[in-house]
Amino acid sequence: MNSKIAAIIARKGNVPVSELTAYDYPTARLVDEAGVDMILVGDSLGMVMLGYPDTTHVTLAHMLHHVEAVARAAKNAVVVADMPINTYNTPEQALETARALMAVGADAVKLEGGEAMEAQIRAITQAGIPVQGHIGLLPQKVKEEGGYRMHGKTDEEAAAIMRDMEAVVRAGAFSVVIECTKHAVAKAITKACPIITIGIGAGRGTCDGEVAVFHDLVGAYPWFIPSFARPKANIASEITRSVKEYIAEVQKPI
Ligand code: KIV
């Protein structure tokens, strides 16, 4: 077991775990040097880096390219690589994809789904590769599921997410992301869950840690800001201001 991951596992019930996305060398280096616990090379890169409408356009080639750059930068944080859609349809394919991501420097992989993905997660963890699960809202299924919406609103849905968590745990994952899930449900799942839960859009203090998309955190993608985002800066307006200042300077007669 990677000692950085062992240290994350030991945080259950202790100091909350911070996870942030990064997709390139300079961002990953800044985030790592600032002390974040885990860097997720998320397939959200499809939207915030590549201009696609959702994550379903992201390929393994995209992920390998970005994971390699992030891994070069991360000295302390655990680098988690998202497995893109259709790269883990069977346990064999899942293991092959996970191995490819580990070969370019990931410390762990993440894939979406609970009960339906138990065999895939088990195939990866049994090969010694750490897995972060992902339950609740699954962005790779957002088109099928009719858009981004809060999950766990009915008793049936809450029970299904609980079963998903149990499957992820049985399969040997070290942590699990709970996305856009009713806060009370995320809290109940965290209480019942023996591994680290990481919330996004699941309420403050409901999970063992939180993950955020870097661009949402620093205000670098002004065209779409999720309602649950808590921006700490407005980088987009700083970029616009700097570029305008540069243009004016270039055009100024000497
Ligand atoms: O791709 C991503 O950024 C993610 C987070 C939303 C958890 O999966």
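Residues numbered from 1 in each chain as written. Predicted model: local features only at pLDDT ≥ 70, side-chain atom pairs only at ≥ 80, totals over all residues. Heavy atoms only, no water.

### Quick look at the site of the ligand
Around the ligand sit Thr21, Leu40, Gly42, Asp43, Ser44, Asp82, Lys110, His134, Glu179, Ile200, Val211 and Val213, and that is every residue in its neighbourhood. Coverage of the ligand by the protein chains reaches 95% of its 260 Å² of free accessible surface. Residue composition of the shell around the ligand, grouped by class: four nonpolar, four polar and four charged. (Near = heavy atom within 4 Å. Areas by Shrake-Rupley, 256 points an atom, 1.4 Å probe, with all protein chains shown as cover. Nonpolar A, V, L, I, M, F, W, Y, C, P; charged D, E, K, R; others polar.)

### Brief notes about the environment of Asp107
By the secondary structure assignment, Asp107 is in the loop between α5 (91–103) and β4 (108–110). Taking the C-alpha atoms as reference, Asp107 lies 20 Å from Val58; in sequence the two are 49 residues apart. Not counting the four nearest positions on each side in its chain, Asp107 is found in contact with Asn2, Lys4, Ile5, Ala77, Val78, Val79, Met102 and Pro130. In terms of polar contacts, Asp107 uses its side chain to reach the side chain of Asn2, at 3.3 Å. Only 2.7 Å separates the side chain of Asp107 from the backbone nitrogen of Val79, close enough to count as a polar contact. (Helix = DSSP H or I, 4+ residues; strand = E, 2+ residues; numbered from the N terminus. Contact = heavy atoms within 4.5 Å. Polar contact = N/O pair within 3.5 Å; in protein donor to acceptor, adjacent residues only side chain to side chain.)

### Quick word on the nonpolar core
Ranked by size, the top nonpolar core spans 53 residues in total, and within it Ile39, Val67, Met83, Val109, Ile121 and Ile124 carry the most contacts. With 14 residues, the next largest nonpolar core counts Ile5, Ile8, Val80 and Val177 among its residues. (Core = buried A, V, L, I, M, F, W, Y, C linked by side-chain atoms within 4.5 Å. Buried < 20%, exposed > 50% of the residue type's maximum accessible area, 1.4 Å probe, protein only.)

### Remarks on helix α7 (residues 155–170)
Compared with an ideal rise of 1.5 Å per residue, which puts 16 residues at 22 Å, α7 spans 23 Å between its outermost C-alpha atoms and is within 8% of the ideal. Looking at α7, one finds that the buried residues are Ala158, Ile161, Asp164, Met165, Ala167 and Val168. Of the surrounding elements, those touching the buried residues of α7 are α6 (118–126), β5 (131–136), β6 (175–179) and α8 (183–192). After α7 finishes, the residue Gly172 shows a positive phi value of roughly 100 degrees. (Expected span 1.5 Å × (residues − 1).)

### Description of the sheet that holds β5
The sheet built from eight strands closes into a barrel, its strands ordered β1-β2-β3-β4-β5-β6-β7-β8 with parallel pairing. Averaged over all pairs of adjacent strands, the angle between strand axes in this sheet comes to 25 degrees, irrespective of strand direction. Most of the contacts of helix α4 (residues 60–73) go to strand β2 (residues 38–41), to which it runs at about 155 degrees, and overall it touches β2 and β3 (78–82). In the packing of α7 onto the sheet, the strands contacted are β5 and β6, and the crossing angle to β5 comes to about 170 degrees. (Pairing = 2+ DSSP bridges. Axes fitted to C-alpha atoms, helices over the stretch in contact; angles between N-to-C directions.)

### Overview of unusual backbone geometry
Despite not being glycine, Asn86 shows a phi value in the positive range, around 65 degrees. Examined against the element boundaries, Asn86 turns out to sit in the loop between β3 and α5. One non-glycine residue, Cys180, lies in positive phi territory at about 40 degrees. As for its position among the elements, Cys180 is in the loop between β6 and α8.

### Looking at the pattern of salt bridges
Within the structure shown, the criterion is met by 14 salt bridges. Between Arg11 and Asp37 there is a salt bridge, with the nearest N and O atoms lying 2.8 Å from each other. Of this pair, Arg11 sits in the loop between α1 (3–9) and β1 (17–21) while Asp37 sits in the loop between α2 (25–33) and β2, placing them 26 residues apart in sequence. Judged by its relative accessible area of 19%, Arg11 is buried. Of the charged contacts, one joins Asp54 and Lys143 as a salt bridge, the two residues approaching to 3.8 Å between their closest N and O atoms. Of this pair, Asp54 sits in the loop between α3 (45–48) and α4 while Lys143 sits in the loop between β5 and α7, and the two are 89 residues apart along the sequence. When its relative accessible area of 57% is taken as the criterion, Lys143 is described as exposed. One connected set of salt bridges, linked through shared partners, spans Glu118, Arg122 and Arg170. (Salt bridge = Lys/Arg side-chain N within 4 Å of Asp/Glu carboxyl O.)

Nothing here speaks to function; it is all geometry.
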